[in-house]
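A closer look at the structure
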Amino acid sequence: FVGVYALTVLLAVNDAFQGSLVGSVLGEAITLQVRGLDFVSVGLVIALAGLSLADVLYLNLRERAAELATLRTLGWHERHLAAVVALEALTLGTTGSVAGALGGVGTGLTLGVPAGPLSLAAAIAAAGGVGVALLASLVPLARLGTLTPSVALADE
């Protein structure tokens, strides 16, 4: 949410005002200048969010190991279980990304950023957030193959 929110505002300001927003809301009292370090900071926030999501998915996979093992013994294939994990990541990523993009659009409109660049920035940032969420699901998906029914049920 926070990374997509910030990326939406930064991309919109950078595109609409060539990186510098001066005096659009409070007269001459507000000045915003987008620098490369701002994009690096937002990238770091998004990367940390991806790592956090991978951790949540991995812990969820460990907690539901017996359930997944039961589904596997009932005939579910590896691709079905992988789809469950990927769908969970997609749901979490989409929820946070759309909320962050909408928040960024609201802030951008308040700052006086034109709707065209703001909409494009929101779409790019949201797509990037969903992409990071799907990328984060690769770590738990790799662990899914090592989860055999005997090992999972033995831990119970």
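Refer to the preceding data block for the structure.
Throughout what follows, the structure given in this document is the object of discussion. Fair warning: this is a prediction, and the values are worked out from it, not measured in the lab. (Residues numbered from 1 in each chain as written. Predicted model: local features only at pLDDT ≥ 70, side-chain atom pairs only at ≥ 80, totals over all residues. Heavy atoms only, no water.)

With that settled, the discussion passes to the layout of surface pockets. Its volume calculated, the largest pocket comes out at about 200 Å³. What lines the largest pocket is a set of 14 residues, among which Phe1, Ala49, Gly93, Ser97 and Gly129 lie closest to the centre. Elements with a contribution of two residues or more to the lining of the largest pocket: α1 (2-17), α2 (36-63), α4 (78-111) and α5 (115-136). Here the residues of the lining of the largest pocket are counted per class, giving 8 nonpolar, 6 polar and no charged. (1 Å grid on protein atoms, 1.4 Å probe; cavity = no way out; pocket = protein on both sides within 12 Å on 5 of 7 lines; lining within 4 Å. Points joined across faces, edges and corners; volume = space filled by probe spheres on them. Helix = DSSP H or I, 4+ residues; strand = E, 2+ residues; numbered from the N terminus. Nonpolar A, V, L, I, M, F, W, Y, C, P; charged D, E, K, R; others polar.)

Here we take up the pattern of salt bridges. A side chain of one charge can pair with a side chain of the opposite charge if their charged atoms are brought near each other. Overall, the coordinates contain 2 salt bridges when judged by the stated rule. Note that Arg64 and Glu88 form a salt bridge whose closest N and O atoms lie 3.6 Å from each other. You can see Arg64 sitting in the loop between α2 and α3 (65-73) and its partner Glu88 sitting in helix α4, a full 24 residues away along the chain. (Salt bridge = Lys/Arg side-chain N within 4 Å of Asp/Glu carboxyl O.)

Once that is clear, we can look at the side chain of Ser97. Along the chain, Ser97 falls in helix α4. A polar side-chain atom of Ser97 sits 3.4 Å from the main-chain amide nitrogen of Val130. Apart from residues no more than four positions distant in its own chain, Ser97 is found in contact with Val4, Ala126, Gly129 and Val130. (Polar contact = N/O pair within 3.5 Å; in protein donor to acceptor, adjacent residues only side chain to side chain. Contact = heavy atoms within 4.5 Å.)

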